[in-house]
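Structure assessment
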Amino acid sequence: MAFVALALSVMFADNRYDYLDRVRFSVGYFTTPVYWLADTPARVSAWFDDVFVSQRDLLEENASLRQQLLFAQRELQLLAGLASENSRLRELQEASQAVQGRVMTAEIINVSNDPGVRRVLINRGANHGVTEGQALLDAHGLMGQVEEVLPFTSWILLITDSRHGTPVQVNRNGERAIARGSRGEAPGLELEFVPITADIEEGDLLVSSGLGQRFPKDYPVAQVVSVVHDPGQPFAIIRARPLAQMDRTRHVMLVIPDDETITSAPVIFEAGEQTNLPPTAEPVISEPVAAEADGPAGVSP
Amino acid sequence: MSPKHNGTWVIVLSFLLAYLLAIVPFPEWAMYYRPQWVALVLIYWIMALPYRIGIGAAWMVGLFTDILEGSLLGIHALTFSVLAYITLSLHQRLRLFSYLQQSGIVLALVGLVMTGTYWIKVVSGQTAPGGMQFLLGALSSAFVWPWLFLLLRQLRRGFDVH
């Protein structure tokens, strides 16, 4: 009975107040070795792959990588021209520079064992300078943000978690929306509160809009896979597939925020919250965008 | 007579292995079938050594689970304490049961633990409410129980843990 009461009080304290976060952080020193051990099979197999590989395979891989590098460099050259043109145009409009930010590489070492939660553990923590709210990318797109920092590791909340909303805009026309993790079985995203008249089509590329000041602007997030206009529904039902390879990739990048970027704990949706709530009741992260999506289809300049 | 308690390291090691198995990454489709290793090992030790592993130990084991998984502190501490209480009151009977009967009890116990954990997580907004699939873990736990039981009993006898 006493233990039940103790457990209940600890739960209450952890849910409502911050001071148990320090306890969590310190105990992180003990949990890190366990995760390190659990990751051992993956590291051993990677080591085997590295050691027992024929020279021919290496040469082939080397050749293909060189080719890829060549293509990438060519695109980079074009990009340099575009970037300077872009910055000149921005100067003309007196708009601020896009947030680019430097990156820090990391590796995913574990995934949450709760099927209802989409979180991963990375091998960078407070000792490497990770802070709450940093964005995580892989080679293909935005993956998530840092939810909890431990001494040597940190938990990442993926954008496909149903409690996570990502401010996005359509790359084609700048139409803005919130992409929320879908509640269904398949990991995906749903655009919330998009009016039926919005110009969003199948195959559109969604990039991060930078609103909410948490994610850097213009990183690819997802591709629209289906648009359903149900006359009985006030909003269009739009599903998107994240571009980041959530369950295949191991190598990821953390964006190191610039000074102007706000860093604080991520704002979590209540899991029980339903989509048919008025958009004004949304938490801070989505406020500007939700208000926009509710109004007439606004195409940003 | 040997010292009063013996082989603490066997118990600690078995829990450590259970923690490892609990967090080893699974493919997406197999997530729901992950047996609740920590709860199973806990049930075994309470059944075998009720005078050593009790509600207090279960509470600590649960708290470490919470810290490891990064879930709300106290969820597993609470459910494992309840689990320990029920197992303690059943342990005399459990020892006499056949493997099949034991598996049935384990199914009920682990199902209870998982339901309690799930409810608290949903209420506190830690996880998304879904279907009943989360109970598949209890089924797989009951399935692996006889083998785990035999293995742990061999360990306990081999190292004379008492």
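Look up a bit, the structure's there.
Structural notes, computed from the coordinates.

About the thresholds
Residues numbered from 1 in each chain as written. Chains lettered and ligands numbered in written order. Predicted model: local features only at pLDDT ≥ 70, side-chain atom pairs only at ≥ 80, totals over all residues. Heavy atoms only, no water. 1 Å grid on protein atoms, 1.4 Å probe; cavity = no way out; pocket = protein on both sides within 12 Å on 5 of 7 lines; lining within 4 Å. Points joined across faces, edges and corners; volume = space filled by probe spheres on them. Helix = DSSP H or I, 4+ residues; strand = E, 2+ residues; numbered from the N terminus. Nonpolar A, V, L, I, M, F, W, Y, C, P; charged D, E, K, R; others polar. Salt bridge = Lys/Arg side-chain N within 4 Å of Asp/Glu carboxyl O. Buried < 20%, exposed > 50% of the residue type's maximum accessible area, 1.4 Å probe, protein only.

**Considerations on empty space enclosed by the protein**
Unoccupied space between atoms shows up once a probe the size of one water molecule is rolled over them. Residue and element names in this part refer to chain A. Taken as a whole, this structure holds three cavities of 30 Å³ or more when the rule is applied. The calculated volume of the second largest cavity comes to roughly 40 Å³. In terms of residue count, helix α2 (residues 20-38) provides more of the lining of the second largest cavity than any other element does, three residues in total. A per-class count over the lining of the second largest cavity returns two nonpolar, two polar and two charged.

**Quick notes on the pattern of salt bridges**
Any two side chains of opposite charge can pair, given that their charged atoms come close. All told, the structure shown has 13 salt bridges over all chains when counted by the stated rule. Measuring nitrogen to oxygen at the nearest pair gives 3.1 Å for the salt bridge that ties D114 of chain A to K121 of chain B. Pair noted here: D114 of chain A is in the loop between β1 (102-111) and β2 (119-122) and K121 of chain B is in helix α5 (residues 99-123), and the two residues belong to different chains. Grouping residues by exposure puts D114 of chain A and K121 of chain B together as buried. Between R180 of chain A and E192 of chain A there is a salt bridge; the shortest N-O distance is 3.4 Å. Of the two residues, R180 of chain A is situated in strand β7 (residues 176-181) and E192 of chain A in strand β8 (residues 189-192); the sequence distance between them amounts to 12 residues. Salt bridges sharing partners connect three or more residues here, namely D39, R43, E107 and R250 of chain A.

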